[in-house]
Amino acid sequence: MSVSENEGLHSAEHIFARSLQNLGEEIHVRKADTFSEEKLGKIFIKENLDAEKVFVAEADTNKVINSNLKVNETMFDDLNKAIKRFPKLRFNEERLEKEKTVRVISIGDFDFSACIHKHVKTTKEILAFSICNISHLRGETEIRFLSGLDAILFAIDKKNDILRLSLQNGFDPERLSDEYSRLKGALKEEKDNDIFLLESLLNASNMPLDMGNMRISDFYRVFNKFIKESPGKDIAVVSSSQIFVLAGEKSGLDIKRLSEEMKRIGFVGEARQRTINGKINDKEKALKLLRLYIRREAKNAQ
Ligand SMILES: [Zn+2]
């Protein structure tokens with residue numbers, strides 16, 4: 001019988017499940033699927049597993065594969081006899097009929113499992129094992145994996161993604177995490193600088209503000225904070241596609257009239273008691289209208 005990928009994938013799942021259990025984890029496999037056409041294995045575990053532990057079990061699985069253990073099957077008249085012979089037997093209680101014959105697959109002294117499927121004869125036939133996805137949903141952990149050449153090619157492909165990125169961006173491929181943290185920090189610093197600049201402009205009451213290509217919604221928190229602290233003031237900002245006006249509680253800005261004037265130049269959106277928020281298609285027109293309107297209101301207030 002020739003070894004198909006699925007036998008390797010399926011046998012790898014036995015080793016992986018045992019490797020997880022050996023880490024001292026209380027693990028209950030709800031479902032495992034190693035028979036998909038795309039040769040992708042899936043295992044659903046009823047517990048919320050930490051990814052680091054999964055990685056350790058992945059490495060252990062590859063060590064077992066490489067130690068070339070023999071895979072044997074033994075038949076038992078019933079489950080009790082099988083457990084007596086293999087006290088560490090893994091079996092699915094919900095699926096096994098206790099009175100019927102049981103087929104036990106043993107992988108060296110490493111794993112014993114009641115199973116009806118086809119397996120490799122020795123673990124080296126599996127070649128390799130690689131996890132390609134871990135997800136957590138409703139307290140469960142779903143792990144997707146590959147075996148054989150697929151596992152090796154997957155790992156090489158991901159490794160080359162990192163090499164490609166490092167060459168294009170000039171960082172040490174072995175320090176990907178450091179580079180990621182550095183970029184995250186730089187982005188945060190940039191955002192903090194934007195916020196600082198924006199707060200200065202708001203304080204200078206230099207309305208309306210042209211925000212260029214920035215996303216206005218990224219700064220709602222800054223606007224709300226400012227207007228809470230300065231209830232007599234107004235905010236009017238425009239980006240390439242959005243307009244946002246927020247009047248302070250004690251400001252006299254006539255939002256309703258302003259929104260009607262905006263509509264005449266193509267504003268589409270909402271006008272509430274103290275806010276105008278929506279789309280515009282001509283930024284320059286919107287800025288001009290706001291400038292005139294705010295100046296007029298200021299004159300009226302005097
Ligand atoms: Zn099996």
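First, a word on scope: everything that follows refers to the structure included in this document. Here, residues in each chain are numbered from 1, in the same order as that chain's written sequence. Reporting of local features is limited, given that this is a predicted model, to residues whose pLDDT is at least 70; pairs of side-chain atoms are given and counted only at 80 or more, and all residues count toward the totals for whole chains, interfaces and linings. Each side-chain value is worked out from all heavy atoms of the structure, with water and hydrogens disregarded.

## Some details on the layout of surface pockets
To find the voids left in a structure, one rolls a probe of water-molecule size over its atoms.
Link 1 in the chain: In this structure, the largest pocket spans a volume of roughly 1000 Å³.
Link 2 in the chain: Only protein atoms enter the 1 Å grid used here. Points where a 1.4 Å probe fits but cannot escape make up a cavity, open sets with protein on both sides within 12 Å along at least five of seven lines make up a pocket, and a residue lines them when an atom lies within 4 Å of a point. Considering the residues around the largest pocket, the lining is formed by 33 residues, among which Arg90, Phe91, Asn92, Arg95 and Ala114 are closest to the centre.
Link 3 in the chain: Here a helix means four or more residues in a row that DSSP labels H or I, a strand means two or more in a row labelled E, and each is numbered from the N terminus. Going through the elements one at a time, helix H1 (5–22), strand E1 (29–33), strand E4 (102–107) and strand E5 (111–114) are the ones with two or more residues in the lining of the largest pocket.
Link 4 in the chain: Counting residues per element, the lining of the largest pocket draws most heavily on H1, at five residues.
Link 5 in the chain: Each residue gets one label: Ala, Val, Leu, Ile, Met, Phe, Trp, Tyr, Cys and Pro are nonpolar, Asp, Glu, Lys and Arg are charged, and the others, such as Gly, are polar. Grouping the amino acids of the lining of the largest pocket by side-chain chemistry returns 13 nonpolar, eight polar and 12 charged.
Link 6 in the chain: Grid points are joined across faces, edges and corners, and a volume is the space filled by probe spheres set on the points. In this structure, the second largest pocket encloses a volume near 270 Å³.
Link 7 in the chain: Along its surface, the second largest pocket is lined by 14 residues, and Gly232, Asp234, Ile294, Glu297 and Ala298 are the ones closest to its centre.

## A word on the pairing of strand E11 (residues 268–271)
Link 1 in the chain: Only strands that DSSP links by at least two bridges are regarded as paired with each other. Taken together, the four bridges between E11 and strand E12 (residues 275–279) define a ladder with antiparallel strand orientation. Paired with valine 268 across the strands is lysine 279, a residue of E12.
Link 2 in the chain: The hairpin formed by E11 and E12 contains three residues between the paired strands.

## Considerations on the nonpolar core
Link 1 in the chain: Put simply, a nonpolar core is a bunch of buried Ala, Val, Leu, Ile, Met, Phe, Trp, Tyr and Cys residues held in one set by side-chain atoms that sit within 4.5 Å of each other. We call a residue buried when its accessible area falls under 20% of the maximum for its residue type, exposed when it is over 50%, and partly exposed in between, using a 1.4 Å probe and counting protein chains only. Counting 25 residues, the largest nonpolar core has Phe16 and Ile143 as the members making the most contacts within it.
Link 2 in the chain: Of all the secondary structure elements, the ones that give two or more residues to this core are H1, strand E2 (41–45), helix H2 (51–66), E4, strand E6 (129–137) and strand E7 (140–147).
Link 3 in the chain: Sort the elements by how many residues they give to this core and H1 lands first, with six residues.
Link 4 in the chain: Should any heavy atoms of two residues lie within 4.5 Å, those residues are counted as being in contact. With residues near it in sequence (within four places) discarded, phenylalanine 16 still touches Ile43, Val54, Ala57, Glu58, Thr61, Phe129, Ile131 and Ile143.
Link 5 in the chain: With 17 residues, the next largest nonpolar core counts Ile243, Ala247, Phe267 and Ile280 among its residues.

## Examining the sheet that holds E5
Link 1 in the chain: Strand order across the open sheet formed by three strands is E3-E4-E5, with antiparallel pairing between neighbours. Edge positions in the sheet fall to strand E3 (71–76) and E5, since each has one partner strand and no second. Taking the axes of each pair of neighbouring strands and ignoring which way they run, one obtains an average angle of 25 degrees across the sheet.
Link 2 in the chain: Here four bridges tie E4 to E5, and the two strands are oriented antiparallel to one another. Residue pairing across strands places isoleucine 107 opposite aspartate 111, the latter belonging to E5. Between N-to-C directions, angles cover 0 to 180 degrees, with each direction set by a line fitted to C-alpha atoms, over the stretch in contact for helices.

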